[in-house]
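Results of the structural survey
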Amino acid sequence: MGYTGTMSAGSAERSNRFRAMHFAAWMLASVVSTIGCDRTGPTFDELSPPPVPQRIDAPTQHVVPGRPNLVLISIDTLRADHLSTYGHDRPTSPNIDRLAAESVLFEHAFSHSPKTASSHMSLMTGLYPESHRVKNRMTGGQEWLGSLSADIPTLAEFLEAAGYSTHARTGGGNLHADIGFARGFETYSSPTSSYGSAIFKSSIGRLESLARSNQPFFLFVHTYQTHSPYLPPKRYHDAFVDPAYAGRITTDHNELSRGKGSDFSNVYEAFWSRVDPKSKSDQQHLLDLYDACIRFVDDQVGALLDRIDELGLRENTLVALVSDHGEEFGEHEGFEHNALWREILHVPLIIRVPDSVRPGWGSKRIEATVGLVDVLPTLLELMKIPIPTHFQGSSLAPIVESGAAGRPWAFAQYRLWNQNSLQAGNWKLLRRGPIAQVFDLSEDPAEMNDVGPTRPEILADGAEQVDRILEASRAYWPLVREGEAAELDSEQRSRLEALGYADDG
Ligand SMILES: [Zn+2]
């Protein structure tokens, strides 16, 4: 594939055109309701919010013998239900399926934000977005930060303190080093081609050199391969796309970069300018391209897994595979990831733990509701590193090893339009500014029918719990110094303004 641009800051955002349409559709949906049925089950008023923190614990030097390596793979924008192992009806993921068959797979893992920087920072800090306050580079929210506070430690810093050799290969953009993601890493780089296999090739190269050392290592691999514009290589394209498609969407790089050049944002805008959002045929075509991209990145994952085996690393290496958020394809009249619907928050979470590292983690599928904030404490426990007191997530080891219940709710937020969501049991509350909706997931897993008007008590209890979670999260603010504001250059600034993202918080 000819496209070699890297993802520039903020380019991953949607245009005003789509956002306005999405919001109008959402407003319309909010006045449609159905009659709720009587049911019993967990309700929002039974939940305990996260405790109010007293302090932030810094990483401690803690070196124990026989520590396992960690390979953490984040496939940006990968919704769980488009992997075969999560029930997709197309063969998108034979290699990830193979990993899942040897791993603990969490059926109900949720992201806390639909945006890349906020979500990854929750993964890396064990804190909700409202607590770490890191946002995508181009999105607003004045009291939020351009980079992570130096007082909040990250996964890489915990492992650095524990004597690990730490390395990252990412797609850049909203995982830019300046935001705080590079802290704790010996090397943190974004290969020039964020599309294609360059990131995985570079990761495998690093893995080979790490395998020759006796020092334990942490390798973080991140790719935008399944983020739009969906541009799969031809072989994968042809395996998933209907040859009879007659719409305007193209994956021809020359056509997409004609006139304006091959910058990510130009290709991105050119791709989406051809999409007719009302066309079912275009929606299906986007899904086909997305599945083809998943199949492509799945082969990259397969190559990495094979190399782990060939280098003899398997028995002392943890492998975790996650995504930061999913993707919408018109289910709720929108595209990409700017809302808190299930298709945007339900993400894969797969952790492979060799018996020799910790028994009880063989091939299992876990039903409990879990979140990305739980990943960091879980990994630290598996690596025998003390878990700090300030995390908002919890280790999943008790759930996996002894069937403990865990936290029964999942929280998410996005500062655009002041969106929050809370899911507990069969209920989901969705707030956008002054508008709130409630969905009964037992009857309406696709979140189509707002039962709020007939269940005002559920709606009120859910809203109160959301406010308590936000309040507990804001208690982190006075405990930390603010991060340095990430600088935008003039071109980034003008693009931001052109896209209407200058002040959307
Ligand atoms: Zn993302």
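Residues numbered from 1 in each chain as written. Predicted model: local features only at pLDDT ≥ 70, side-chain atom pairs only at ≥ 80, totals over all residues. Heavy atoms only, no water.

The next subject is unusual backbone geometry. Of the consecutive residues S228 and P229, the connecting peptide bond is found in the cis state with omega at 0°. For P229, the position within the fold is in the loop between β5 (217–223) and α7 (234–240). Not every positive phi belongs to a glycine, and K384 is a case in point at roughly 60°. On the secondary structure map, K384 appears in the loop between α12 (375–382) and α13 (397–402). (Helix = DSSP H or I, 4+ residues; strand = E, 2+ residues; numbered from the N terminus.)

This paragraph deals with the packing of aromatic side chains. Enumeration over the complete set of coordinates arrives at 15 aromatic pairs. On the numbers, 6.2 Å between centres and 70° between planes, the contact of Y230 with W272 is edge-to-face. Taken together, the residues Y230 in the loop between β5 and α7 and W272 in helix α9 (residues 264–273) connect sequence positions 42 residues apart. For W272, a relative accessible area of 2% corresponds to the buried category. For the ring pair Y236 and F296, a centre distance of 5.1 Å and an interplane angle of 55° mean the geometry is tilted. Taken together, the residues Y236 in helix α7 and F296 in helix α10 (residues 280–310) connect sequence positions 60 residues apart. You'll find Y236 and F296 in the same group, each marked buried. Among the aromatic side chains, those forming a connected cluster through ring pairs are Y230, F271, W272, Y290, F329 and F335. When the ring centre of W477 is taken as reference, the NZ or CZ atom of R133 above it lies at 4.4 Å. Its end group placed over the ring of W409, R407 keeps NZ or CZ at 5.5 Å from the ring centre. (Phe/Tyr/Trp six-rings, centres within 6.5 Å; stacked < 30°, edge-to-face > 60°. Buried < 20%, exposed > 50% of the residue type's maximum accessible area, 1.4 Å probe, protein only. Lys NZ or Arg CZ within 6 Å of the ring centre and 35° of its normal.)

Let us look at the environment of D298. Counting through the fold element by element, D298 comes out in helix α10. When the C-alpha atoms of D298 and L83 are compared, they prove to be 9.5 Å apart, with 215 residues separating the residues in sequence. When near neighbours in sequence (up to four residues on either side) are disregarded, D298 contacts T92, S93, P94, N95 and I96. (Contact = heavy atoms within 4.5 Å.)

For the zinc ion, the full set of protein donor atoms is D76 (OD), D76 (OD), T116 (OG1), D324 (OD) and H325 (NE2), and the range of their distances to it is 2.0 to 2.8 Å. Each donor residue of the zinc ion lies on one chain, and together they are spaced D-x39-T-x207-D-H. One end of the pair, D76, is in the loop between β1 (69–75) and α2 (94–101); the other, H325, is in the loop between β6 (317–322) and β7 (328–329), and 249 residues separate them in sequence. For the pair shown, D76 and H325 are each scored as buried. (Donors = N, O, S within 2.8 Å, 3.2 Å for Na, K, Ca; no water.)

Burial runs high along helix α3 (residues 116–125): ten of the ten residues are buried. Among the residues making up α3, those that are buried are T116, A117, S118, S119, H120, M121, S122, L123, M124 and T125. On its buried side, α3 packs onto β1, α4 (129–132), α5 (155–161), β5, β6 and α12. Looking one or two places after α3, you find G126, whose phi comes out positive at around 75°.

With respect to topology, four strands assemble into an open sheet ordered β12-β13-β14-β15, the strand pairing being antiparallel. Of all strands in the sheet, those with a lone pairing partner are β12 (409–414) and β15 (435–440), marking the two edges. Each strand of the sheet is rotated relative to its neighbour by a mean of 10°, with strand direction disregarded. Alignment of strand β13 (residues 419–424) against strand β14 (residues 427–432), held across six bridges, turns out to be antiparallel. Paired with S421 across the two strands is L430, which belongs to β14. Strands in contact with helix α14 (residues 456–474) are β12, β13, β14 and β15; relative to β14, the strand with the most contacts, it is inclined by about 70°. (Pairing = 2+ DSSP bridges. Axes fitted to C-alpha atoms, helices over the stretch in contact; angles between N-to-C directions.)

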